[in-house]
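Structure assessment
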Amino acid sequence: MNVSYNWLNEYVDLTGVTPQALAEKITKAGIEVEHVTFLGEGIRDVVVGYVESCDRHPNADKLNVCQVNIGAEENVQIICGAPNVAAGQKVVVAKVGAVLPGNFKIKKAKLRGEVSQGMICSLQELGIEDKFVPKEFAHGIYVLEEEAEVGADALPYLNLDDYVLELDILPNSAHCLNMIGVAYEVAAILDREIQLPTPEFVETAVDVTAKITVQVDAPEKVPFYGVRVIEGVKVGPSPQWLQNKLIAAGVRPISNIVDIANFVMLEYGQPLHTFDYDTFASDKVVVRHAENGEKLTTLDDAERTLTAEDLVITNGKAPVAVAGVMGGADSEVTDKTTTILLEAAIFDGASIRQTSSRLGLRTDASSRYEKGIDRNRVAGAADRAAELISELAGGQVLKGFTHVGEPEVPDRVITMPWQKINAVLGTTFSSDEILSVFRRLRFAAKVEGDGLQVAVPARRPDVTIPEDLVEEVGRTYGYDHVPATLPEGSGTTGILTDYQLKRRRVQRYMEGAGLYQAVTYSLTTEEKVKSVTTIDEASYQPIPLAMPMSEERSVLRLSLIPALLEITQYHLNRQMPDVKLFELGKGFYSKEERLTQLPEEREQLAVVLTGSWQSAGWHAQAEPIDFFVAKGILEGLFNTLDLTERISYQAAQREGLHPGRTANVLLDQEVIGFVGQLHPNLQSQLDLKETYVFELDIEQVLHAENETLRYIALPRYPAISRDIALVVDEQVASGELIKVIKENGAPLLKEVKLFDIYQGESLGAGKKSMAYALKYLDPDKTLTDKEVEKVHTKVLTALEAELGAVLRG
Amino acid sequence: MKDKLEALKEEALAAVQTASEPKQLQDVKVKYLGKKGPITEVLRGMGKLSAEERPVIGQLANDVREAIQSAITEKVEALEKKKIEERLASEAVDVTLPGRMVQQGNHHPLTAVIEEIEDLFIGMGFSIAEGPEVEKDYYNFEALNLPKDHPARDMQDSFYITEDILLRTHTSPVQARTMEKHHGQGPVKIICPGKVYRRDTDDATHSHQFMQIEGLYVDKNVRLSDLKGTLTVFAKKMFGEDRHIRLRPSFFPFTEPSVEMDISCFRCGGEGCSVCKGTGWIEILGSGMIHPNVLRMSGFDPEVYTGFAFGMGPERIAMLKYGIDDIRHFYTNDQRFLEQFKRA
């Protein structure tokens, strides 16, 4: 809402309050003033001139040589290219030495041999945006009214000595979407008097019902509908003062009738609609629900298809307007209009909102209905418009305002214990201080005993419950009056849950392991979602948005890896070959084609690694990242969480991953993640180098219960070590060998560690040698060689029997 | 005899002095102090001396013997010390060469900000509650006093999946869910960090996905002044002890009264600068007293309980705190960007 300071001054005396100070006060009271703009910004030395004569330039077809009286002793000669300049006009002259917006300085000049001492200005040259310039002056200079005093400063005539306060109107401050509402607000803030307009006009003897009757078929959505008829109207331009007010408010002047309707809407907040009575072509207004598929061409020349949800104004036969949104083209007021049918109505905000959003048609009227208007101002607004039409367009107002519904509703009475205000705010206001707030707001209020009774007028639809009154007191006094205290209530213990604590530990570990934490978008493309399988390899349906803003952000992710790969590409493209990233974030899982319930959300931990793990230095070769770097990070993580013993790895084939360098990660017997190299095809498709990834369902990992932590006595007896080198077929996995060793070495076997792998001709084709260090220990006594030998033999026998492993000779 | 002993001493000490190896010293020891050495010989020939001479010469012989012995010991130690010094000297390294640094990664700046806020509120007795990012319309809007046709729904255009399911537009649904679980019994004292989504085109100041942290405190006799006090503690901890806060009236459908919190500018201290756009104040968060409808819908009796709620954006806080100029940096994840926040 753009509020003109000069206009507001007509309702509330603003003496002593600068526009900036006023803006500050309004903001502090809860309606943010986003900007204060001086309309004459950057303009200097612009005066009213009278064009004494205007002749064609001798050397240029499109230029005129004007002799202009600017109140000085001598007329000045100005060369003007505007097509509409003419002798006898009062115009805006920028004298030599004047400055126009954009620091445009006016100098004496010669145009095709003729001297020009200044410039006759268009509104655009005075800084008014194109869209607010009346059409008749859009391509030429602006012509002032005859009353303008020659030689006087031109700014006041154009209202360019005004300031505009731009108010950010939130849903609870809709009462400030009009000048009267702002006046009430400002009168309360400044604690000053308010002067409201009192429309006065003469009605003809003919009753309006002779011309029109009103029928409302949807009273639940149309609590009030009224019309006036004004005859003998002459459509033409509005007077200067009206145009100025509209331009300051950001509305383009069109014609007196349209301008008056807009003016009254700005002043009263009541949307009005004007029909051409003759093209309305009926003596009856019927307001009803539209029929499904019913069509109407609106003022913007678009054909609208309506539904039964929409409200329409009809002439008893066909729709002539979408109620509260926009009128129809057929009954639009034109230059030829002589009789006006003026509508002032109240429509249900929710219904208007539905229609306007479905039609994608947001108008000043619809947004006011949506946000709520003063239920009691409808008749007054119709009167004000009638007054102005009779005054400015020479109309005769027929007698009466025919309507259906009550033009006024009683005040809303709210009662509450007055001390509740202090209890909620933490303040110590007296009941008199509280009552003085309501006096300033012009709400009738009284305190009786403990009770406070406040009658809230209809202009404040946002005030409905006691808490709203608390707010009115708080904001009118200002929250600076509220002290800062700390809660006195029951003590609570703030603590991280076990899960949150462990998640933080995972994060610290990943950082310590040399990885950078990334945060990526949850929304991605279907293609990317499908490029990597989910951990559990279930057939989840990627969840699409109903109306995505772009293809790039159209479905919810399952895996975090595709987004991390994008970041990897980003780094590679910028000559940063080493990328080490992790992310903790949610994947979204559902098997439904179309969601009927919320998807499952599970936190995932994903890692992407490429380039060098250790960069080359004076003491080391560069160490490229390989499968075992990725796996090593995982192992460290499980070690941190003390889950090492319950984790195993199994070779696996997965979409998007290298078939020979991928493992599933199992917790107990369940797959909870995977680790591997990106499939070389995908790597080259994404222009990546050798890239390793892993992803864990970190929720499952962190929810794995550990046994209660107990101290285990330190060994008091020495352990006995045995190293073995086993020759096995190439295909035998180390994990299998270790499993057999552990199974058969229990319970004396305490540790088994691979320390060498060898392949060579001496072993024969297809064979390899795997060397392990085994450690045996009995916590209760010193082991004898004999005891160790017994279990060690059992291990070796089992290795040979189960995996064909023989001791290397 | 006396002269002979003196000569022997001179001779032996000279030999010790010139020795450069422990072996040579051993030889000196054997030669002069050994059983067949000259001193032993002198002592052995004592019998031939007169009674007066005997103690004098004996004493002298012993002195000579001790002098040689201690010279040898001293020299051995000196040689050993020298040897160690030589070895250590040969082991010297260039201490200015780079060490074998353990490569560290670091947390995302948003994690830093969120954890700092979490820890601050945990210290004030708040717990951390989390909830789904894909949410029911009911929890995202209706339970927060935003019925289907409420105009405020326009304020946060949303990503719907179906008519009833959407990506949450704020973390407030976690409040509604948590209150529901308390079955009308206070206190509830939580903060809810998490990702939220809105239909915004990504640019320097907008992101279709961003973080939010909401705080909620429901109990008997919670006052707006408690909110002010709590937020003052927060502002001082996050932005410096000298910060002041001010509350400005505002509007949110789920609070009544609603207030916006500004802090005095941490760059200029309130004089007015580019950070605070000349106002001396920086808008930090929205808050207010929980609307009675919200309490009621979540099972709390607004006649008995009151509460406050606040919500803030970690991106905005990080941008202000660290002078980051573009919100997209948080989601581009350039390692050179991330690396800068290791001590955040």
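So, how was this worked out
Residues numbered from 1 in each chain as written. Chains lettered and ligands numbered in written order. Predicted model: local features only at pLDDT ≥ 70, side-chain atom pairs only at ≥ 80, totals over all residues. Heavy atoms only, no water. UniProt positions renumbered as here; feature names shortened; annotations may be inferred. Helix = DSSP H or I, 4+ residues; strand = E, 2+ residues; numbered from the N terminus. Contact = heavy atoms within 4.5 Å. Buried area = accessible area lost by both parts, 1.4 Å probe. Salt bridge = Lys/Arg side-chain N within 4 Å of Asp/Glu carboxyl O. Polar contact = N/O pair within 3.5 Å; in protein donor to acceptor, adjacent residues only side chain to side chain. Pairing = 2+ DSSP bridges. Axes fitted to C-alpha atoms, helices over the stretch in contact; angles between N-to-C directions. Buried < 20%, exposed > 50% of the residue type's maximum accessible area, 1.4 Å probe, protein only. Parallel < 35°, antiparallel > 145°, perpendicular 65-115°, else oblique. Nonpolar A, V, L, I, M, F, W, Y, C, P; charged D, E, K, R; others polar. Core = buried A, V, L, I, M, F, W, Y, C linked by side-chain atoms within 4.5 Å. Domains from an automatic or database assignment. Phe/Tyr/Trp six-rings, centres within 6.5 Å; stacked < 30°, edge-to-face > 60°. Lys NZ or Arg CZ within 6 Å of the ring centre and 35° of its normal.

1. Brief notes about the UniProt feature "domain: FDX-ACB" (unreviewed entry) in chain A
Those places that UniProt annotates as "domain: FDX-ACB" (unreviewed entry) correspond, in this numbering, to residues 715-808 of chain A. Here residues 715-808 of chain A runs as 33% helix and 34% strand, with 32 Å between its end C-alpha atoms.

2. Things to note about the interface of chain A and chain B
At the interface, 91 residues of chain A touch 89 residues of chain B. Overall, the association of chain A and chain B removes approximately 7500 Å² of surface from exposure, summing both partners, and the carbon and sulfur fraction of that is 55%. A per-residue breakdown of the area chain A buries against chain B is headed by Tyr516, Val519 and Tyr521 of chain A, which together make up 10% of the total. Scanning the region where chain A abuts chain B turns up six salt bridges. Arginine 503 of chain A is paired through a salt bridge with glutamate 130 of chain B; the nearest N and O atoms lie 3.0 Å apart. On inspection of chain A and its partner chain B, the count reaches 37 residue pairs in polar contact (both at pLDDT 80 or more).

3. A short note on the sheet that holds strand S2 (residues 33-38) of chain A
Residue and element names in this part refer to chain A. Ordered by their spatial adjacency, three strands build an open sheet running S1-S12-S2, and the pairing between neighbours is antiparallel. Among the strands making up the open sheet, the edge pair consists of strand S1 (2-4) and S2. Direction aside, the axes of adjacent strands within the sheet are offset by 20 degrees on average. Pairing of S2 with strand S12 (residues 163-167) involves five bridges; the strand directions are antiparallel. Residue pairing for S12: valine 33 is matched across the bridge by leucine 167.

4. Concerning the side chain of asparagine 664 of chain A
Residue and element names in this part refer to chain A. Following the sequence through the fold, asparagine 664 ends up in strand S37 (residues 657-667). Side-chain polar atoms of asparagine 664 contact the side chain of arginine 654, separated by 2.8 Å. Once residues lying within four places of it in the same chain are set aside, the contact partners of asparagine 664 are Ser648, Tyr649, Gln650, Ala652, Arg654, Val671, Gly673 and Phe674.

5. A word on the UniProt feature "binding site: Mg(2+)" (unreviewed entry) in chain B
UniProt's entry tags Glu256 of chain B with the feature "binding site: Mg(2+)" (unreviewed entry), counted in the numbering of this structure. Turning to its location among the elements, glutamate 256 of chain B is positioned in strand S7 (residues 255-264). On the basis of relative accessible area, glutamate 256 of chain B is assigned to the buried category, the value being 6%. Aside from chain neighbours lying at most four places away, what touches glutamate 256 of chain B is Glu467, Asp468 and Glu471 of chain A together with Met289, Ile290 and His291 of chain B.

6. A word on the pattern of salt bridges
Applying the stated criterion across every chain, the model contains 61 salt bridges over all chains. In this structure, arginine 460 of chain A engages aspartate 462 of chain A in a salt bridge whose closest nitrogen and oxygen atoms are separated by 2.9 Å. With relative accessibility at 3%, the residue arginine 460 of chain A sits in the buried group. Residue arginine 246 of chain B is joined to aspartate 262 of chain B by a salt bridge in which the shortest nitrogen-to-oxygen separation is 2.8 Å. Of this pair, arginine 246 of chain B sits in strand S6 (residues 245-252) while aspartate 262 of chain B is found in strand S7, placing the two residues 16 residues apart along the sequence. Take arginine 246 of chain B and aspartate 262 of chain B: they sit in the same class, and that class is buried.

7. Some remarks on the environment of phenylalanine 341 of chain B
All names here are of chain B. Tracing the backbone shows phenylalanine 341 in the segment after helix H12 (335-338). In this structure the C-alpha to C-alpha distance between phenylalanine 341 and arginine 44, which are 297 residues apart in sequence, comes to 86 Å. Residue contacts for phenylalanine 341: discarding those within four places in its chain leaves Asn106, His107, Pro109, Tyr322 and Ile324.

8. Thoughts on the packing of helix H5 (residues 109-123) of chain B against helix H10 (residues 314-322) of chain B
When two helices pack together, you describe them by how their axes are tilted relative to each other and by the distance separating the axes. Residue and element names in this part refer to chain B. Remark: H5 packs on H10, axes separated minimally by 9 Å, with the N-to-C direction vectors making an angle of 105 degrees. With respect to each other, H5 and H10 are oriented roughly perpendicular. Contacts between H5 and H10 involve Leu110, Val113, Ile114, Glu116 and Ile117 on the former and, on the latter, Pro314, Glu315, Ile317, Ala318, Lys321 and Tyr322. Here the residues of the contact of H5 with H10 sort into eight nonpolar, no polar and three charged.

9. Quick look at the nonpolar core
In globular proteins that are soluble, nonpolar side chains generally tend to be buried together. Leu22, Leu167, Tyr225, Ile313 and Phe347 of chain A are the most contacted members of the largest nonpolar core, which has 95 residues in total. Here the element with the most residues in this core is helix H3 (residues 179-190) of chain A; it accounts for eight residues. Here this core spans two domains, and each of domain 1 (2-39 + 163-190) and domain 3 (203-404) of chain A adds at least three residues to it. Setting aside anything within four residues of it in sequence, one finds isoleucine 313 of chain A in contact with Tyr225, Phe275, Val285, Val286, Val287, Ala318, Pro319, Val320, Ala321, Ala323, Glu343 and Phe347 of chain A. Within the second largest apolar cluster, 94 residues are counted, among which are Ala518 of chain A together with Ile213, Val259 and Phe308 of chain B.

10. Focus: unusual backbone geometry
Proline 747 of chain A follows alanine 746 of chain A through a cis peptide bond whose omega is 0 degrees. Here proline 747 of chain A is to be found in the loop between helix H19 (734-745) and strand S41 (749-758). Despite not being glycine, asparagine 145 of chain B has its phi angle at roughly 70 degrees, a positive value. Tracing the backbone shows asparagine 145 of chain B in the loop between helix H6 (137-140) and strand S3 (165-167). The phi angle at asparagine 333 of chain B is positive, at roughly 60 degrees, despite the residue not being glycine.

11. Quick word on the packing of aromatic side chains
With the rule as written, the count across this model stands at 25 aromatic pairs over all chains. Ring centres 4.6 Å apart and planes at 20 degrees place the aromatic pair phenylalanine 429 of chain A and tyrosine 477 of chain A in the stacked group. Of this pair, phenylalanine 429 of chain A sits in the loop between helix H10 (419-425) and helix H11 (431-441) while tyrosine 477 of chain A sits in helix H12 (residues 466-477); the two residues are 48 residues apart in sequence, bridging distant segments of the chain. Put simply, the rings of Phe121, Phe126, Tyr217, Phe234, Phe308 and Phe310 of chain B pair up and form one aromatic cluster. The ring of tyrosine 184 of chain A carries the charged tip of arginine 459 of chain A above its face, separated from the ring centre by 3.6 Å. Stacked on the ring of tyrosine 649 of chain A, the Lys or Arg lysine 631 of chain A has its end atom at 4.2 Å from the ring centre.

12. Concerning the sheet that holds strand S27 (residues 444-448) of chain A
Residue and element names in this part refer to chain A. Spatially, three strands are ordered S26-S28-S27 in an open sheet, and the strand pairing comes out antiparallel. Edge positions in the sheet fall to strand S26 (412-417) and S27, since each has one partner strand and no second. Going across the sheet, the axis of each strand differs from the next one's by a mean of 15 degrees, ignoring polarity. Here S26 runs beside strand S28 (residues 451-456); their pairing, made up of six bridges, is antiparallel.

13. Regarding the pairing of strand S3 (residues 44-56) of chain A
Residues and elements named next belong to chain A. As defined by bridge partners, S3 adjoins strand S6 (residues 90-100) across six bridges and the pair is classed as antiparallel. Across the sheet, residue valine 48 finds its bridge partner in S6, namely valine 92. One ladder, built from six bridges, connects S3 with strand S4 (residues 64-69); its direction is antiparallel. The residue of S4 that forms the bridge with tyrosine 50 is asparagine 69.

14. Notes on the side chain of asparagine 140 of chain B
Among the secondary structure elements, asparagine 140 of chain B is positioned in helix H6. Excluding anything up to four places from it in sequence, asparagine 140 of chain B contacts Glu135, Leu166, Arg168, Thr169, His170 and Pro173 of chain B.

15. Some details on the environment of threonine 37 of chain A
One can find threonine 37 of chain A in strand S2. Those residues in contact with threonine 37 of chain A that lie beyond four places of it in its chain are Asp162, Tyr163 and Val164 of chain A.

16. Examining the environment of histidine 35 of chain A
All names here are of chain A. With respect to the helices and strands, the residue histidine 35 is situated in strand S2. Taking C-alpha positions, histidine 35 is 81 Å from leucine 748, a pair spaced 713 residues apart along the chain. Ignoring sequence-local partners within four residues, the contact set of histidine 35 consists of Val164, Leu165 and Glu166.

17. Overview of the domain arrangement of chain A
When its domains are assigned, chain A resolves into domain 1 (2-39 + 163-190), domain 2 (44-158), domain 3 (203-404), domain 4 (412-478), domain 5 (499-703) and domain 6 (720-807). The C-alpha centroid of domain 6 of chain A is placed 104 Å from the C-alpha centroid of domain 2 of chain A.

18. Overview of H10 of chain B
Residue and element names in this part refer to chain B. Listing the buried residues of H10 in full gives Pro314, Glu315, Ile317, Ala318, Met319 and Leu320. Contact partners of the buried residues in H10: H5, strand S5 (209-219), helix H8 (224-239), strand S8 (281-290), strand S9 (306-312) and helix H11 (329-332). Phi for glycine 323, located one or two positions after H10, is positive at around 70 degrees.

19. Focus on the packing of helix H2 (residues 19-28) of chain A against H3 of chain A
Residue and element names in this part refer to chain A. Between H2 and H3, whose axes approach to 10 Å, the crossing angle comes to 95 degrees. Between H2 and H3, the angle falls in the class roughly perpendicular. Mapping the contact onto sequence places Leu22, Lys25 and Ile26 in H2 and Val186, Ile189 and Leu190 in H3. When grouped by side-chain class, the residues that make up the contact of H2 with H3 number five nonpolar, no polar and one charged.

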